[in-house]
Every structure is written in C-alpha cells, then in structure tokens.
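# Observations on the model geometry
Take a look at the letters that make up each chain.
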Amino acid sequence: MMTANQYYPDSVSHPGETLREKLEELNIGSKAFAVRTGKPEKTISLILSGESAITPDMAVLFESVLKIPAHFWMRRQNLYDESQARQKRKAVIQEAIPWAKDFPYAQMAKRGWVPATRKAEEKVIYLLEFFGLASHKAWESYYLKSKLKVEFRVSLAHTKTPHALSAWLRKGDLLAADMQAADYAAKKLKAILPQLKSLMAVQPDDFFTQIQQLCLSAGVKVVYTPCLPKAPINGVARWIENNTTPLIQLSDRYKRNDVFWFSFFHELGHILLHGKKEVFLENIDYEELDLEKEAQADAFAIEWTFSEEQEEEVVQNGFADVQTILSYAEKFNTHPAMIIGRLQKKQMIPYSAGQELIVKIDLGAAE
C-alpha cells in the first residue's frame, strides 16, 4: 500500500550529469567517449544533456571504459525515471483534488473505509487506493462511462450523486472479496427461500449472519454497507467474479425491518428472475433503470414476505388490534412488521399505528 507521507526527493538529477562530471574528471571529451564505447556521438550528447536514458547495454559499455559498475548507472537511471514518474503523479493528484471533494470523505473515514486526513492531496491518494484505480479519469471511465462492462455494466453518470454511490458500491465489492461462496446454483437458492422466510418471521439477533451463511451455501454473497450521505440506496443486486457469483448488497436505510426484508427478497428476485449482465440499484434513478423488471422483483418480494392473497384476507377479516396482527403473522409465517408496513404503505392505517411491531434494524456490527 502506498503511504501518503512517504518521503521522496523533489528532484533527482539525470545520470547524464554524473557522466559529464566523470568525463571532465578523466579529461575525456564526448566525442572520444563515443568512440571508446562504440556509440554514436549524438547518443552520448543526448545522455549528457539529459534528453536520453542510459540503457542496460550502454551501462555495460560504460563500465568497461570508466571502471564504474553497470549497476551504478542503472540505479541512477532508475532513480531518475522514478522521480520523473512521481512528478507526473503529483500533477495527476493535484488535478484530482476537485474530484475528491465530491466524496463524503469524512463519513468514509469515520467508518474506516479510508484513513482520516484533512489534506486534499492525501484524500486523493487514499480514495484512489480505495477504488483500486490509478487516476480520477480511470474512475470516470469505470463508473460513469462503463468502459469495463465485464465488471460494471451500469453508468452512474445520470444519478444525482455518483461519487457517494460509487463509494458505497466499491465497499460492497471489497467485503464480497473476503467471502468464500459455493458455486452458484439457482435450484439451491430456491430451496432455501422457505428458510430465509422463516428467518424473517422470527428474526433472531444473528439473523444477518444466518442470511449470509444460507446464501453462501447457494453461491450468493450478501453484504451490508451503511448508507453514505447523498447515497440513499436500499440495496443492489449484481453479478461479480466474471458473472459467476451473484452479490446482494444491502443498507439499513430507514432502520426498519420491514423495509430491510422487502429489499432483501426484492434483490433475490432480481438474481433468480433476471440476467447476469444487469445491475439493479434500488430507489435510485439511473439510465439503465428497467421499471418492468423492478415490478417483477417487487412481485417476488411481495409473494415471499406478505402475499397479496394474505393481504386481502387481513383486509376482509379486519385488523383491529396488535394481537390480531400477531396472529396473522404466525399464520402466514411472516413478521408482523411486514403486515403493518404494507398497511401503512397503502394508507390503510396511519404511519403512527402499529409502530410497536416495527423492529429497528441496526447492522453496524455487520459492516
């Protein structure tokens, strides 16, 4: 990992300067040195003026004539080349400072995603390391222009906050890279759906860990990433690792378990119903947004959390009190929050009603 505060000299002289000093010390002219080494005089002049590099072949020839080891000349040339490259790098970093200002850097640092710093140049360095990219232009190509469609097939160019969204998505990639999943099997994923629904109904303290383990057994990676400022996203479904592994990335936006579980089953719907070459960002407007497929994923989530038939039964028979809702939840093997949330969403009851059945979600420990 590159260290922002590591010291590098501001400038390193070209090895041609050392060569000139040595030739003057030995009273050898450039023309004579060219003849002795068998190199064109123009080549030697360009090296002496710092316009050309000393090659390994030249370094060996210089060793024979000057009795200075070839590795000395190569080391001097390498130090000079590295210095020149770092000067160019400084220019790239300076150019990227306005880009870095668009990220919620303080919140990213607070969560440990990047080192804390107030220095603009260091923010650029740490952000590029976080994304695994060499420049802010590479970030634009990857996240805005979709140049690497094998890995990222959706452009964030038309979203309101592409910087924060890209950081959120990148954290999901990093978390997923640390997980080992079985080979993906749609049949296995379908088979564990009832277990996942039962987890929703009971929602034990370690429910998220159990979600992860069950899904890993079917070849699906599930990660949690807290929302960043200006990135109000519920979740995303996409395929990673050369289209071999589906990834579901969730937030705990709204801190409500009904929203969390609906989002989770919604993303499962995308994995099972839709193609590997698509990225689905929830509650975000973007150019590739497919409303029909979003509706299909919604329908899948409704069926597995609290179906329309079950909703109709509740509405027809009434839901006068909390105990009634609890009874329905037990009958339908769902969480009572799913029933209350649906009734609230459809404005059948005010948002203040049934709040005691909504469980607060806080997955900070799962980050």
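Rules behind the numbers
Residues numbered from 1 in each chain as written. Predicted model: local features only at pLDDT ≥ 70, side-chain atom pairs only at ≥ 80, totals over all residues. Heavy atoms only, no water. Helix = DSSP H or I, 4+ residues; strand = E, 2+ residues; numbered from the N terminus. Rg over C-alpha atoms; globule rule 2.2 N^0.38 Å. Buried < 20%, exposed > 50% of the residue type's maximum accessible area, 1.4 Å probe, protein only. Contact = heavy atoms within 4.5 Å. Areas by Shrake-Rupley, 256 points an atom, 1.4 Å probe, with all protein chains shown as cover. Lys, Arg positive; Asp, Glu negative; His and termini not counted. Charge placed at Lys NZ, Arg CZ, Asp CG, Glu CD. Pairing = 2+ DSSP bridges. Axes fitted to C-alpha atoms, helices over the stretch in contact; angles between N-to-C directions. Salt bridge = Lys/Arg side-chain N within 4 Å of Asp/Glu carboxyl O. pLDDT = per-residue confidence, 0-100. Core = buried A, V, L, I, M, F, W, Y, C linked by side-chain atoms within 4.5 Å.

So, about the overall build of the protein chain. Of the regular secondary structure elements, the protein chain holds 18 helices and four strands. Against the compact-globule benchmark of 21 Å for 367 residues, the protein chain has a radius of gyration of 30 Å, which places it well outside the compact range. In terms of principal-axis extent, the alpha carbons of the protein chain reach across some 105 × 40 × 35 Å. Looking at the 367 residues of the protein chain, the share that counts as buried comes to 48%. In the protein chain, 66% of the contacts between residues at least 6 apart in sequence involve partners at least 24 apart. Just so you have it, the protein chain exposes about 18700 Å², and 51% of that area is on carbon and sulfur atoms. Of the charged side chains in the protein chain, 45 are positive and 47 negative, and the gap between their average positions amounts to 7 Å.

Right, let's get into the sheet that holds strand 3 (residues 245-250). Strand order in the open sheet made by the four strands is 1-3-2-4, with mixed pairing throughout. At either end of the open sheet lies a strand with only one pairing partner, and these are strand 1 (221-224) and strand 4 (280-281). For strand 1 and strand 3, the ladder comprises four bridges, and the chain directions are parallel. When the sheet's bridge partners are listed, valine 222 is paired in strand 3 with isoleucine 248. Along the sheet, helix 13 (residues 207-217) makes contact with strand 1 and strand 3, crossing strand 1 at roughly 155°.

Each regular strand displays side chains that alternate between the two surfaces of the sheet. Within strand 3, six of the six residues are buried, which leaves the element mostly enclosed by the surrounding structure. Residues Thr245, Leu247 and Gln249 of strand 3 are buried on one face, and the alternating residues Pro246, Ile248 and Leu250, pointing to the opposite face, are buried as well. Bridge count between strand 2 (residues 235-240) and strand 3: six bridges; the pairing is antiparallel. Looking at the pairing, arginine 238 lines up with leucine 247 of strand 3. Between the antiparallel neighbours strand 2 and strand 3 lie four residues, among them glutamate 241 with a positive phi of about 55°.

If you walk through the whole model with that rule in mind, you get eleven salt bridges. The salt bridge partner of lysine 255 is aspartate 362, with a shortest N-O separation of 3.9 Å. Of this pair, lysine 255 sits in the loop between strand 3 and helix 14 (257-273) while aspartate 362 sits in the segment after helix 18 (336-345), and the two are 107 residues apart along the sequence. A residue is classified by how much of its surface remains accessible, and lysine 255, at 32% relative accessible area, is partly exposed. Taking the shortest distance from any N to any O, the salt bridge between arginine 342 and glutamate 311 comes out at 2.9 Å.

For the rest of this paragraph, the subject is the confidence of the model for the protein chain. Regions with low pLDDT should not have their predicted coordinates read in detail. Averaged over all residues, the pLDDT of the protein chain equals 90, while 92% of them reach at least 70. Counted against residues more than four places away or in other chains, residues 147-151, with its pLDDT under 50, gives five contacts.

Another point: the nonpolar core. Of all hydrophobic cores here, the largest spans 44 residues; its most connected members are Leu196, Ile211, Trp261 and Phe264. With near-sequence residues (within four places) excluded, isoleucine 211 lies in contact with Leu196, Leu199, Val222, Phe260, Trp261 and Phe264.

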